[in-house]
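Now for the letters of each chain:
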Amino acid sequence: MKLFLSSLLLLLALNAAGQSLQFNERQANLPPLATAVVFPNGIQLDGRVDELEWQGGQPAKDFWETFPSDTSYSAYPTEIYFGYDDQNLYVAAICRTPGNRFIIPSLRRDYRAGDNDNITFVFNPFRDKTNAIVFGMNPYGVNREALIYNGGENREDFREEWDNKWRGESYIGDDFWSCELVIPFSSLRFPDGAAEWFFNSYRMDTQSNTRSTWHRIPQNQIIMSLAYMGSLKFIDGAPRAQGKNIVAIPYAGGSMRRDYEADTPTEFDGDVGGDAKIGIGSGLNLDLTVNPDFSQVEVDRQVINTTRFEVFFPERRQFFLENADLFGSFGFERANPFFSRRIGVTRDTTTGEGLQNPIYFGARLSGKADDNWRIGLLNMQAARNLEQGLPSFNYTVAATQRRLGARSNVGGIFVNKQNFTNFSDSTERNADFNRVVGFDFNLATRDNAWNGKTFVHRSFSPQEGGDDYTHGLNLEYRHRNWNVEYDHLYVGEDFNAEVGFVPRRGYFTSGVEAAYIRYPASPRVIQKGPVMEARMFSQPGDGLTDRNLMAGYQWRYANTSRFNMGAGYEYIFLFNDFDPSRTGATPLPGGQGYGYWRAGAEYASDGRKRLSTRLETEAGQFFNGYGYRLSGNLEYRYQPYGSIDLRFSYQYIDLPEPYASTALFLIGPRIDFTFSKSVFLTTFVQYNEQIDNININARLQWRFAPVSDFFLVYTDNYDSLDMGIKNRSLVAKVTYWLNI
């Protein structure tokens, strides 16, 4: 607790210092301003931006280049116009270009922005610079929407799985392309009566090979950072929150499945259920679900795991995504008290697939209570599963955040897993209850120079007592030439967060990472400089156990390619026997340490090319032998209809007899084909030698109406040793978005 309090005082002092710089920063870098005017008759949605009403307000223009340099305005201007009425927000953009040979990877909705032509609009109606709503367009009229969490400081804070109802169209002219968007206010959460929102935009132009932003963002910062926002003012009166905002999303589905290994007959099943979204006030949303089904969610990318610990797979289910950071961002990535995939998802160890454990119903209230408070309350009841030995658990999560200063906040979380049934095997896995209580402080200074977090959490189980708490601190300093980060984490031996992600317990770790960034005058090299990392692990009563040391050098090039190289030393003390191949080979003996040197390199080619690649290689000592790894992908784009992405990983473990000497191979070609902007087919084949499995997953999606889809999903699993069928399934599902 003393360590937590000292960490908290340090971050509070930095937060106060950051606020004291508010006046000087605003004088040095005033945020840009745009205005929105009332459109009495709406617009004709065709992407042409030819209505005279667009000229009534002050546009967002004079974009700053952020790549390949960040010291001048963009040579090819961008102008964004805004309008509104009682029902909708209207947005238009005119993007000047040196030609019309655009790079469009596919016609699929929710594309990623890198290495193709597009523009992104980032709205922060509550002006907290912490959470934002994203809409995007490309020259072919393909739409995307997403959410940004936690200030947009990491790529994991961008969640494109979120869907909502809006419309957009594009138009290609001579040396420019343009787009228009109609966004219903019912699709947004915003403070009722607020005449000013925060806004920013970033644009990718492949022909001039530039990236630009409306509010100037330094090159050492991530382009989606919410620390840099301009102002959007509604000069004819603030928009009003919609009085009636209820959406129902029913579904109906059917499936056929057969387990060939168990030699059971084909099972046929049909189901109905649905979700509902109810707007409460201007900032809160109530999500309801009854008998949810997530069979259409894309399968996880499998990995080769040669570590001692569980691998993290991200949440993709729509119900859990809105305001997901409010529930899921407590603690650190590997000491997280709430991980939504613990609810209704288990994993088949023979196929590597995520499997559904049925959920009866669920409710989630989340959002902004006012300008300073965010609240979240989630309750879900999962079904009993006798085959997996699981009783019917109820899951309850309550979370809150209070803003401090410009962008910092303090939060609390309570997680409860409760067994309400008589079915129990009296083990820790199926205990009557498991609870976690925690407090976090998140630091983000106004100029984004300092970011950090400190937290303390404690778990409660029927087996009371013991070392059942965890604490962590991380602090990052960002300067134009330096990125330095320190962190430490303690996880008690008895800390038990059954609904969280805590793959390792009973240890203390601390580490530092540093990168020096140079901006050479060479027209080919954008950034370069050395990097280093040092990390140590210890266990109570055992002292120092593990340590990692790494040093390297990195280059970023003007053609968007990059190259990194480095070498390092790793020491691991095995307390228990361990087989790093995870193939059932003779395990390495525990009770001793293993130290080894390794070197590696990473290369990513110009992503604008039709054929691009990313390669990672590593070689050197591995425990008491040697190990070699080559992984990456090779992608071919047949625009605008899709791409073939061949991902692979090869690891060769060479240990002395009688331990494992084996090659582990994973290959996963993904074929993405878009017949139109509403019909998509994705076929994913994964061969994983580590678990002797071949997985085939084909997913056809037809978006027949806004946010309404028909899915057809085919899945096959084979034993890679004899090509025998393990299981096979075919699922059909239709969903419909209904505004009430």
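The rules behind each value
Residues numbered from 1 in each chain as written. Predicted model: local features only at pLDDT ≥ 70, side-chain atom pairs only at ≥ 80, totals over all residues. Heavy atoms only, no water. Phe/Tyr/Trp six-rings, centres within 6.5 Å; stacked < 30°, edge-to-face > 60°. Helix = DSSP H or I, 4+ residues; strand = E, 2+ residues; numbered from the N terminus. Buried < 20%, exposed > 50% of the residue type's maximum accessible area, 1.4 Å probe, protein only. Pairing = 2+ DSSP bridges. Salt bridge = Lys/Arg side-chain N within 4 Å of Asp/Glu carboxyl O. 1 Å grid on protein atoms, 1.4 Å probe; cavity = no way out; pocket = protein on both sides within 12 Å on 5 of 7 lines; lining within 4 Å. Points joined across faces, edges and corners; volume = space filled by probe spheres on them. Nonpolar A, V, L, I, M, F, W, Y, C, P; charged D, E, K, R; others polar.

A. Spatial organisation of the packing of aromatic side chains. Inspection of the entire model under this criterion finds 43 aromatic pairs. Between Phe135 and Trp166 the ring centres are 5.2 Å apart and the planes differ by 75°, which places this aromatic pair in the edge-to-face class. Within this pair, whereas Phe135 is found in strand β6 (residues 132–137), its partner Trp166 is found in the loop between β8 (158–159) and β9 (167–173), the two being separated by 31 residues in sequence. Seen in terms of ring centroids, Phe393 and Tyr395 are 6.4 Å apart; in terms of plane orientation they differ by 55°. Their pairing is tilted. Note on Phe393: relative accessible area 4%, which makes it buried. What makes Tyr395 buried here is its relative accessible area of 7%.

B. Structural detail: the pairing of strand β34 (residues 642–654). As paired elements, strand β33 (residues 625–637) and β34 share twelve bridges and run antiparallel to each other. Looking across to β34, one finds that Tyr626 is bridged to Asp654. Counted along the chain from β33 to the antiparallel partner β34, the turn is four residues long. By the bridge criterion, 13 bridges tie β34 to strand β35 (residues 661–674) in an arrangement that is antiparallel. Among the inter-strand pairings, Ser649 is bridged to a residue of β35, identified as Leu666. Here β34 folds back onto β35, and the loop between the two strands holds six residues.

C. Layout of the pattern of salt bridges. Applying the stated criterion to the full structure yields 40 salt bridges. The salt bridge partner of Glu196 is Arg127, with a shortest N-O separation of 3.8 Å. One end of the pair, Glu196, is in strand β11 (residues 196–205); the other, Arg127, is in the loop between β5 (118–124) and β6, and 69 residues separate them in sequence. Exposure remark for Arg127: the relative accessible area of 30% places this residue in the partly exposed category. With its nearest N and O atoms 3.1 Å apart, the salt bridge here joins Lys417 to Glu498. Of this pair, Lys417 sits in strand β22 (residues 408–419) while Glu498 sits in the loop between β26 (482–491) and β27 (507–516), and the two are 81 residues apart along the sequence. Of the residues examined, Glu498 reaches a relative accessible area of 17% and is grouped as buried. When salt bridges that share partners are traced, they join Arg598, Arg614, Glu616, Glu618 and Arg629 into one network.

D. Broad picture of empty space enclosed by the protein. If you walk through the whole model with that rule in mind, you get seven cavities of 30 Å³ or more. Of the voids in this model, the second largest cavity is the one considered here, and its volume is about 390 Å³. Around the second largest cavity, the lining is made up of 31 residues, and of these Ile133, Leu147, Arg189, Glu322 and Asn323 lie nearest the centre. Considering each element in turn, the lining of the second largest cavity owes the most residues, three residues, to strand β19 (residues 359–368). Broken down by class, the residue content of the lining of the second largest cavity amounts to twelve nonpolar, twelve polar and seven charged.

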